[in-house]
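Residue-level structure breakdown
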Amino acid sequence: MRKYFYPRLAFQNLGKNRSSYFSYMITCVITIAMFYIMSALATASDLDQLYGLREVRAFLSYGQWIVGIFAFVFLFYTHSFILKRRKKELGLYNILGMEKKHIALVLFLETLYCALITLILVLFFGILLYRASQLFLMKLVHLESIPGGFLSPGAAASTVFFFGILFFLTFLNTLRQIGAVSPIELLKGSQVGEKEPKAKILLVIGGIACLGGGYYISITATSPMETVGLFFFAVILVILGTYALFTSVTIAFLKFLRRRKKYYYTPRHFTFISGMLYRMKQNAVGLANICILSTMVLVMLSTSILLYVSIGDQQRTSYPRNIEIDINSINTEDIPAVEAFIDQTVADLSVSAENLQRFHETSLLLFTEGNRFYFDINVNAYSENGTVLVNLLTLADYNRLTGENLTLENADDIYLVAPKDSFQEDTLVLENTSLHIQKRIPSFEIADGALKYMVDTYYIIAKDDAAVQALRDPLAEKYGDVAFTSYVYAFDVDGNDDAQIACKNALTKAIFDSGLVPVSIEGSITSVAESTDSYYQLYGGLLFIGIFLGILFLMATVLIIYYKQMTEGYEDQARFEIMQHVGMSRQEVRGTIKTQVLSVFFLPLGMACVHTAFAFPIITRLLALLMMNNTSLYIIGLVCTIGVFALFYTIVYLITARVYYKIVAVKML
């Protein structure tokens, strides 16, 4: 029977500590199942037959490793709570005569049992959830379901291998912690608290500087292209600032309250402040983790849902008309013949062209210095901050687009459209040519592509083609072909998506494939209807990953709070018992618990809302790169996301407060 002693003991230990191990194993099952589903979808060969899902699979592959990295960190984090609770138990085994090698064997068997149970559960639930996730993904991307197996052998093997190593590493970490201390230290391990931390002034200043820097970047980064490089830097600054503030400012605030004698020396405040202060280092890191994870959930879910529900708005931004004919690098003298041919082709197809726009414009990517717009051949305009897009448009085309009847007297007179009144001078210098601004006019509707939503865009409306050519030629002579002239013929058509696509195909055949156009041209024809599938595949995939990672981060937030409250509940049992001996009532204990739990819960939530509010400007500019400019819709979605999250957060508060009170109440008189 001796050979079964240690396996039986390991199994009994799991049963005796089931309150801790149950939540830990649930965490393992959910995390491993999510990793398996991501891996299975990322490697599913069945998805290759669906147009556009290769990009979705790339997102899923990235998501798989995000889950893997998160699992590595988070499972170690949650297992440390269990180990701290069990140090006294393991120390008692050692004192009663069990050698550390036998304790190691018991711990190995416990780890093995946990691994086998969770992996078996994952195999069962993962098979069901994989198929459900596949169907859900197909629904999001507006594609028919495809035949596929319920099990991905490759994904299952990689999941078992990865998490087998992870469980083994947690076992080695447990041995490291136990082997380095004596039995007496193990007995007192669960009672070891934090020494009173100091409110370091440099850490306070550094935290405020990091937070201020991150917030400043978010508020001041004006160009959408500029925000791409600054966004992740701002995120890092905010994360560092959050940790610094929670580990320094909170300590300083608690010490300030302690110095207020009348406030501090009351039963509720005394127990709350003293308990929080002496364990503040651990609490601060936990609170910072909750705050950062909550911010991730709010930003990730709000943006991914917004991008998906606003696909119609994004399509209209990218494609202002149902059908758009773009002809590249056309000579201005050829435009009348080409335009007449397209007019006749549209008429021959019996297409009712509504909201028609016809124009040609010359585009340049330039830099600005004061009132001068210039080109620098040594700088990549697509990567440099401060790049602006300048579109040269003839007055005739502008009048035809807007229905106005403006006039210009001289070749160097212009009308200017500037972004948000950013240009206030009366003279504009294009390279070395001075232009007199007759009037600044507001923005107008023009179907000229999506680049204008990515960089600050100026429209220079010149007198005629000769005036535009006079502005372009000096740049061409000095730097080469840096200007791009295009002709656009865009219109709306009646009918459903199939009718739009049929019209687009007929126009393509007649204009670009027939060889009947009077001059040689190159270009393309796009239709909104054809882009619908690609939009749903792109943003459906992003929403799928956003929901998955949102659930993962939300689970992490809840479990950090749960383990934190449970651990502190056990640590507070003796302290509240002593306080009752000196006259503290059950009602006062309950009031203290309420104060502590409220502080632990809602301080991170409040700070997460502040982070999200300051992130709003930079996120809206990033969304502009994806053709999402409906700010009011984003505000509504963000407020709703915060409201739902706060409601869920409150429910978690009510549950964990009850758990904490039940633990503490065991020692209450």
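See the structure printed just above.
Quick notes on the rules
- Residues numbered from 1 in each chain as written.
- Predicted model: local features only at pLDDT ≥ 70, side-chain atom pairs only at ≥ 80, totals over all residues.
- Heavy atoms only, no water.
- Helix = DSSP H or I, 4+ residues; strand = E, 2+ residues; numbered from the N terminus.
- Buried < 20%, exposed > 50% of the residue type's maximum accessible area, 1.4 Å probe, protein only.
- Contact = heavy atoms within 4.5 Å.
- Areas by Shrake-Rupley, 256 points an atom, 1.4 Å probe, with all protein chains shown as cover.
- Salt bridge = Lys/Arg side-chain N within 4 Å of Asp/Glu carboxyl O.
- Core = buried A, V, L, I, M, F, W, Y, C linked by side-chain atoms within 4.5 Å.
- Pairing = 2+ DSSP bridges.
- Patch = residues over 30% accessible without salt bridge, like charges linked within 9 Å, V, L, I, M, F, W, Y side chains within 5 Å.
- Axes fitted to C-alpha atoms, helices over the stretch in contact; angles between N-to-C directions.
- Left-handed = near helix turned anticlockwise from the far one by under 90°.
- Arc of directions from axis to C-beta.
- Phe/Tyr/Trp six-rings, centres within 6.5 Å; stacked < 30°, edge-to-face > 60°.
- Parallel < 35°, antiparallel > 145°, perpendicular 65-115°, else oblique.
- Nonpolar A, V, L, I, M, F, W, Y, C, P; charged D, E, K, R; others polar.

1. Side note on the overall build of the chain
What the chain contains, in helices and strands, is 19 helices and 10 strands. The buried share of the chain, reckoned over its 669 residues, is 49%. Partitioning the contacts of the chain with sequence separation of at least 6, the portion at a separation of at least 24 is 82%. If you sum the accessible surface of the chain, you get close to 31,600 Å²; carbon and sulfur atoms cover 63% of it.

2. A short note on the pattern of salt bridges
In total, this model carries eight salt bridges according to the counting rule given. Among the ionic pairs, E339 bridges to R400, the shortest N-O distance being 3.4 Å. One end of the pair, E339, is in helix 13 (residues 335-348); the other, R400, is in helix 14 (residues 395-402), with 61 residues separating them in the sequence. Residue classification places E339 among the buried positions, given a relative accessible area of 13%. For R400, a relative accessible area of 40% translates into the label partly exposed. Between R440 and D426 there is a salt bridge whose closest N-O contact spans 3.8 Å.

3. What about the nonpolar core?
Grouped together as the largest cluster of nonpolar side chains are 88 residues, with contacts concentrated most on Y24, L60, F163 and I619. Beyond its immediate sequence surroundings of up to four residues, L60 is in contact with M38, L41, A42, L137, F544 and I545. Grouped together as the second largest cluster of nonpolar side chains are 23 residues, L366, F373, I460 and A462 included.

4. So, the pairing of strand 2 (residues 354-369)
Each regular strand shows side chains that alternate between the opposite faces of the sheet. In terms of strand pairing, strand 2 meets strand 9 (residues 484-492) through eight bridges, oriented antiparallel. Among the inter-strand pairings, E361 is bridged to a residue of strand 9, identified as S486. Direction of pairing for strand 2 relative to strand 4 (residues 388-394): antiparallel, over a ladder of six bridges. Note on strand 4: the bridge partner recorded for L365 is L389. Examined bridge by bridge, strand 2 and strand 3 (residues 372-374) share three bridges and lie antiparallel to one another. Among the inter-strand pairings, T368 is bridged to a residue of strand 3, identified as F373. Linking strand 2 to strand 3, which pair antiparallel, is a turn of two residues; within it G370 sits at a positive phi near 65°.

5. Some words on the pairing of strand 6 (residues 427-430)
Alignment of strand 3 against strand 6, held across two bridges, turns out to be parallel. When the sheet's bridge partners are listed, F373 is paired in strand 6 with L430. Here strand 6 pairs with strand 7 (residues 433-440) via four bridges, running antiparallel. Of the residues in strand 7, the one forming a bridge with V429 is S434. Between strand 6 and strand 7, which pair antiparallel and follow one another directly, the connecting turn spans two residues, one of which, E431, has a positive phi of 60°.

6. What about a nonpolar patch on the surface?
A cluster of nonpolar side chains, L105, F108, L112, L116, I120, F168 and L172, forms an exposed patch at the surface whose accessible area comes to about 610 Å². Looking at the nonpolar patch, the elements that each hand over two or more residues are helix 4 (100-140) and helix 5 (153-179). Counting residues per element, the nonpolar patch draws most heavily on helix 4, which supplies five residues. Note that L172 resides in helix 5. L172 gets classed as partly exposed once you look at its relative accessible area, which sits at 38%.

7. Overview of the packing of helix 2 (residues 18-42) against helix 5
Two numbers describe a pair of packed helices, the interaxial angle and the distance between the axes. One can describe the packing of helix 2 onto helix 5 by two numbers: an axis separation of 9 Å at closest approach and a directional angle of 145°. In this structure, helix 2 meets helix 5 at a crossing whose hand is right-handed. On helix 5, the residues that touch Y24, C28, T31, I32, F35, Y36, S39 and A40 of helix 2 are A155, A156, S158, T159, F162, F163 and F167.

8. Comments concerning the environment of I511
Here I511 lies in helix 16 (residues 497-513). Given a relative accessible area of 2%, I511 falls into the buried group. Between the C-alpha atoms of I511 and E522, which are 11 residues apart in sequence, the distance is 9.7 Å. Ignoring any residue separated from it by four or fewer positions in sequence, one finds I511 in contact with I325, F341, I342, T345, V517, I521 and I525.

9. Overview of helix 12 (residues 311-318)
Turning to helix 12, its buried residues number three or more, namely I311, Q314, Q315, T317 and S318. The arc enclosing the buried residues of helix 12, seen along the axis, measures out at 160°, which places them on a common side.

10. A few points about the packing of aromatic side chains
Enumeration over the complete set of coordinates arrives at 19 aromatic pairs. Ring geometry for Y21 versus Y24: centroids 6.4 Å apart, planes at 80°, classification edge-to-face. With a gap of three residues between them, Y21 and Y24 both fall in helix 2, about one helical turn apart. Given the relative accessible area of 2%, Y24 is considered buried. Taking the centre distance of 5.0 Å and the plane angle of 80° together, the rings of F162 and F163 count as edge-to-face. Under the relative-accessibility criterion, F162 is labelled partly exposed at 22%. Aromatic ring contacts, followed pair by pair, group F35, F162 and F163 into a single cluster.

11. Here's the deal with the packing of helix 1 (residues 5-16) against helix 4
The geometry of helix 1 relative to helix 4 is characterised by a closest axis approach of 9 Å and an angle of 60° between their N-to-C directions. One finds that helix 1 runs oblique with respect to helix 4. Viewed along their axes, helix 1 and helix 4 form a crossing whose handedness is right-handed. On helix 4, the residues that touch Y6, P7, L9, A10, F11, N13 and L14 of helix 1 are H102, L105, V106, L109, E110, Y113 and C114. Grouping the amino acids of the contact of helix 1 with helix 4 by side-chain chemistry returns 11 nonpolar, two polar and one charged.

On their own, these measurements won't tell you what the molecule is for.
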